[in-house]
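Close look at the chain arrangement
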Amino acid sequence: SANSQAHHRDLPKKRHHAKAFIAPGSWTDVFLTRLSLVLAAYYAAAVPYHVAHYRHILDKTSTIVVPMYVADCLLWLSIARKFFTAYTNNRSVLETSLAKVRRHYHKTGFVFDLVSAVPIDLFIWASKGRVAMVVWSRLPRCLRLRDVFNYLFANGRGMNRIRNEL
């Protein structure tokens, strides 16, 4: 009994690799993908409007600021999900290893997503910067249009996907 316990302790322990828990095409993935498309459309419309008309909307800051920062929180959620969503590798194999999923995201889109999501406007506002600078600093959010192009042109579907979606 003592020998078997000692032998059991000496055996190498099995490593359990964490798995990505959002499968491509699952309802969670589809919902969060569509959410990111809605955010991209919001940023594409709202940010240029705010830049062009910031002097005229200063008195309506609560109706402008609240949706902006709700969208920013949802943007961070959209970015966080990419750390947990499996992907298909170059050999057409579904990659579910959490470490590989995260490494792939860091190599392919994380820096771009981070640049578009960093709240530079909050830093400028907190340092008592001018309103114009706060509004202009939100322009990187328009980079989210990349999500729309990635969605439409994924796997070479392009215009066929546009026709099917409409």
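Residues numbered from 1 in each chain as written. Predicted model: local features only at pLDDT ≥ 70, side-chain atom pairs only at ≥ 80, totals over all residues. Heavy atoms only, no water.

1. A closer look at the overall build of the protein
When helices and strands are tallied, the protein shows 9 helices and 2 strands. Listing the helices and strands of the protein from first to last along the sequence gives α-α-α-β-β-α-α-α-α-α-α. Across the 166 residues in the protein, those meeting the buried criterion constitute 33%. Partitioning the intrachain contacts of the protein with sequence separation of at least 6 by distance along the chain shows that 64% fall at a separation of at least 24. (Helix = DSSP H or I, 4+ residues; strand = E, 2+ residues; numbered from the N terminus. Buried < 20%, exposed > 50% of the residue type's maximum accessible area, 1.4 Å probe, protein only. Contact = heavy atoms within 4.5 Å.)

2. Observations regarding the environment of Leu32
Topologically, Leu32 is positioned in helix α2 (residues 27–53). A relative accessible area of 10% means that Leu32 is categorised as buried. Along the sequence, Leu32 and Lys82 sit 50 residues apart, while their C-alpha atoms lie 9.7 Å from each other. Every residue in contact with Leu32, bar those within four places of it in the chain, is listed here: Ile22, Leu77 and Arg81.

3. As for the nonpolar core
Counting residues in hydrophobic clusters, the biggest one holds 17 residues, and the most contacted among them are Leu39, Tyr43, Leu75, Ile79 and Tyr105. Per-element accounting of this core gives the leading share, 6 residues, to α2. With sequence-adjacent residues up to four places away left out, Leu39 is seen in contact with Ala71, Leu74 and Leu75. (Core = buried A, V, L, I, M, F, W, Y, C linked by side-chain atoms within 4.5 Å.)

4. Looking at the side chain of Arg138
By secondary structure assignment, the location of Arg138 is in the loop between α7 (131–136) and α8 (145–152). For Arg138, a relative accessible area of 4% corresponds to the buried category. Excluding residues that lie within four positions of it along the chain, Arg138 makes contacts with Tyr43, Val47, Met68, Tyr69, Asp72 and Asp121.

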